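Chain residues, written in single-letter form:
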Amino acid sequence: MGILGTVREVLEASTESADRGDVTDETSKGAYWCDDCGERIRDLDVGDEEPPTCPSCGDEMRFERSHTSTGCAC
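Since the model is a prediction, treat every value here as computed from it, not as a measurement.

Asker: What am I meant to see in the sheet that holds strand β1 (residues 30-33) here?
Answerer: Think of a sheet as strands paired side by side through backbone hydrogen bonds, with each pair either parallel or antiparallel. The strand order across the open sheet formed by three strands is β2-β1-β3, and the pairing between neighbours is antiparallel. Bordering the open sheet on either side are β2 (40-42) and β3 (62-65), each of which pairs with just one other strand. Neighbour to neighbour, the strand axes of the sheet diverge by 30° on average, direction disregarded.

Asker: Could you clarify how one ought to interpret the side chain of D43 in this entry?
Answerer: Secondary-structure assignment places D43 in the loop between β2 and β3. Comment: no salt bridge for buried D43; closest opposite-charge side chain is R42, at 5.3 Å. A distance of 2.7 Å separates polar atoms of two side chains, one belonging to D43 and the other to S28. Those residues within four positions of D43 in sequence are excluded, and the remaining contacts are S28, K29, G30, A31, Y32 and F63.

Asker: Looking at this structure, I do not really get the pattern of salt bridges. What am I missing?
Answerer: When the charged atoms of two side chains lie near each other, side chains of opposite charge can form a pair. As enumerated under the stated definition, the model contains two salt bridges in all. Between D35 and R62 there is a salt bridge, with its nearest N and O atoms 2.8 Å apart. One end of the pair, D35, is in the loop between β1 and β2; the other, R62, is in strand β3, and 27 residues separate them in sequence. Judged by relative accessible area, which is 56%, D35 ranks as exposed. Exposure remark for R62: the relative accessible area of 36% places this residue in the partly exposed category. Note that E64 and R62 form a salt bridge whose closest N and O atoms lie 3.0 Å from each other. E64 sits in the partly exposed class, given a relative accessible area of 36%.

Asker: When you look at a negative patch on the surface in this model, what are you seeing that I'm missing?
Answerer: A cluster of acidic residues, D36, D48, E49, E50, D59 and E60, forms a negative patch on the protein surface. Along the polypeptide, D36 turns up in the loop between β1 and β2. With relative accessibility at 63%, the residue D36 sits in the exposed group.

Asker: So what exactly am I meant to see when it comes to a nonpolar patch on the surface here?
Answerer: Taken together, the side chains of I3, V7 and L11 present a nonpolar region at the surface, about 310 Å² in accessible area. As for its placement among the helices and strands, V7 is situated in helix α1 (residues 2-14). What makes V7 partly exposed here is its relative accessible area of 42%.

Parameters and conventions
Residues numbered from 1 in each chain as written. Predicted model: local features only at pLDDT ≥ 70, side-chain atom pairs only at ≥ 80, totals over all residues. Heavy atoms only, no water. Pairing = 2+ DSSP bridges. Helix = DSSP H or I, 4+ residues; strand = E, 2+ residues; numbered from the N terminus. Axes fitted to C-alpha atoms, helices over the stretch in contact; angles between N-to-C directions. Buried < 20%, exposed > 50% of the residue type's maximum accessible area, 1.4 Å probe, protein only. Lys, Arg positive; Asp, Glu negative; His and termini not counted. Salt bridge = Lys/Arg side-chain N within 4 Å of Asp/Glu carboxyl O. Polar contact = N/O pair within 3.5 Å; in protein donor to acceptor, adjacent residues only side chain to side chain. Contact = heavy atoms within 4.5 Å. Patch = residues over 30% accessible without salt bridge, like charges linked within 9 Å, V, L, I, M, F, W, Y side chains within 5 Å. Areas by Shrake-Rupley, 256 points an atom, 1.4 Å probe, with all protein chains shown as cover. Charge placed at Lys NZ, Arg CZ, Asp CG, Glu CD.

No statement about biological role is implied by the geometric values presented.
Shown next, in the form of structure tokens:
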């Protein structure tokens, strides 16, 4: 097999998931951002349905969908 086997192994390894984080039941759909301060809070860390206020400046934060969630974020 030689070279063909090695190439096949490399291609198979490259298709494996790069996400090596902890597995949880909940999947984040995005995060809340403060455009002024650059603060970020994951949606899973926010208890209410209302957008949180920025811990640094007190302004309302905006929700931004994760690039890994399905559908268009535009």
